[in-house]
Amino acid sequence: SIANLYTRLWPKIGEMDAAKNVVVTTSGTEAISVAMQTLVSPGDEVILFEPFFPWYAPGVRLAGGEVKLVRLDMEDGFAIDRTRLLEAFDPKRTKMIVLNTPHNPTGRVLTREEVRSVHEVASTSEIGCVVFSDEAYEGQCWAPGGHEKVQTMVEDLNAEACARVKCLTMGTASKLCSLTGWRVGWLTG
């Protein structure tokens, strides 16, 4: 059902194979934990943009990873600052960059240029930095043009730059379907 839903809602992603591209979890929080436990090894670094959903940092630490914070400032409209991102990124140790759009708690929607900056930085990784995109609030995006999947942008940027950055996306039924209390989450990628 999730593969069919995303194929219908986001045709640009293309046909999704449920057996290969979808993992169902008991909640979005568990999806975060599964992603961290699967992709982050002891000694790896994970970049989080602060403020962030409170379960990201414990998920990184439980996997043995180290949290690297990049502060988002209200004065800058909570936009990603490329200079700060570069300061936090280590091509030999950064395994994941966590994005959240629409952002919790600010509601800010990432621009294509911000995703381009993240992609350009991730593509310099020597260990295969993954972009983890928390899109739990994709159904509550009222920005002009609506929500755009980070995976779609990453795939477009990969084609432009002949890069191989991977994107893993998290979603939840409680937010997407306005079923607060119905604890079903998933990962696609």
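Everything below is about the structure shown above.
Quick summary incoming for the structure in this document.

1. What about empty space enclosed by the protein?
Here comes step 1: Taken as a whole and assessed by the stated rule, the structure comprises one cavity of 30 Å³ or more.
Here comes step 2: Size it by volume and the largest cavity reaches roughly 120 Å³.
Here comes step 3: Among the elements of the structure, β2 (45-50) and β4 (94-100) are those that each provide at least two residues to the lining of the largest cavity.
Here comes step 4: With three residues, the single largest contributor to the lining of the largest cavity is β4.
Here comes step 5: Counted by class, the lining of the largest cavity contains eleven nonpolar, two polar and one charged residues.

2. Thoughts on the pattern of salt bridges
Here comes step 1: Taken as a whole and judged by the stated rule, the model has twelve salt bridges.
Here comes step 2: Taking the shortest distance from any N to any O, the salt bridge between Glu 120 and Arg 82 comes out at 2.9 Å. Pair noted here: Glu 120 is in helix α6 (residues 112-122) and Arg 82 is in helix α5 (residues 82-88), with a separation of 38 residues, a long-range link.
Here comes step 3: With relative accessibility at 33%, the residue Arg 82 sits in the partly exposed group.
Here comes step 4: It is possible to trace a salt-bridge network through shared partners that takes in Glu 45, Glu 66 and Arg 93.

3. Focus on the pairing of β2
Here comes step 1: Along β2, five of the six residues are buried, which leaves the element largely enclosed by surrounding structure.
Here comes step 2: In this structure, β2 lies alongside strand β3 (residues 66-71), joined through six bridges in parallel fashion. Across the sheet, Phe 49 pairs through a bridge with Val 70, a residue of β3.
Here comes step 3: Assessed by its sense of winding, the connection that carries the chain from β2 through helix α4 (residues 56-62) to β3 is right-handed.
Here comes step 4: Note: β2 against β4, four bridges, orientation parallel. Each bridged residue has a counterpart across the sheet, and for Val 46 the counterpart in β4 is Met 96.

4. A short note on the packing of aromatic side chains
Here comes step 1: Within the structure shown, the criterion is met by three aromatic pairs.
Here comes step 2: The interplanar angle of 25 degrees and the centroid separation of 6.2 Å between the aromatic rings of Phe 52 and Tyr 56 together place this pair among those described as stacked.
Here comes step 3: Assessed through its relative accessible area of 22%, Phe 52 is described here as partly exposed.
Here comes step 4: A relative accessible area of 2% means that Tyr 56 is categorised as buried.
Here comes step 5: An aromatic cluster is present here, built from Phe 52, Phe 53 and Tyr 56 joined pairwise through their rings.

5. Details of the nonpolar core
Here comes step 1: With 23 residues, the main nonpolar core has Ile 47, Phe 49, Ile 97, Leu 99, Val 118, Val 131 and Val 150 as its most contacted residues.
Here comes step 2: For this core, the secondary-structure elements that each account for two or more residues are β2, α5, β4, α6 and α7 (150-161).
Here comes step 3: With sequence-adjacent residues up to four places away left out, Val 150 is seen in contact with Leu 99, Thr 101, Val 115, Val 131, Ser 133, Glu 135 and Cys 167.
Here comes step 4: Counting residues in hydrophobic clusters, the runner-up holds 20 residues, among them Val 60, Val 67, Val 98 and Leu 187.

Each value, and the rule that gives it
Residues numbered from 1 in each chain as written. Predicted model: local features only at pLDDT ≥ 70, side-chain atom pairs only at ≥ 80, totals over all residues. Heavy atoms only, no water. 1 Å grid on protein atoms, 1.4 Å probe; cavity = no way out; pocket = protein on both sides within 12 Å on 5 of 7 lines; lining within 4 Å. Points joined across faces, edges and corners; volume = space filled by probe spheres on them. Helix = DSSP H or I, 4+ residues; strand = E, 2+ residues; numbered from the N terminus. Nonpolar A, V, L, I, M, F, W, Y, C, P; charged D, E, K, R; others polar. Salt bridge = Lys/Arg side-chain N within 4 Å of Asp/Glu carboxyl O. Buried < 20%, exposed > 50% of the residue type's maximum accessible area, 1.4 Å probe, protein only. Pairing = 2+ DSSP bridges. Right-handed = clockwise from strand over helix to strand, strands pointing away. Phe/Tyr/Trp six-rings, centres within 6.5 Å; stacked < 30°, edge-to-face > 60°. Core = buried A, V, L, I, M, F, W, Y, C linked by side-chain atoms within 4.5 Å. Contact = heavy atoms within 4.5 Å.

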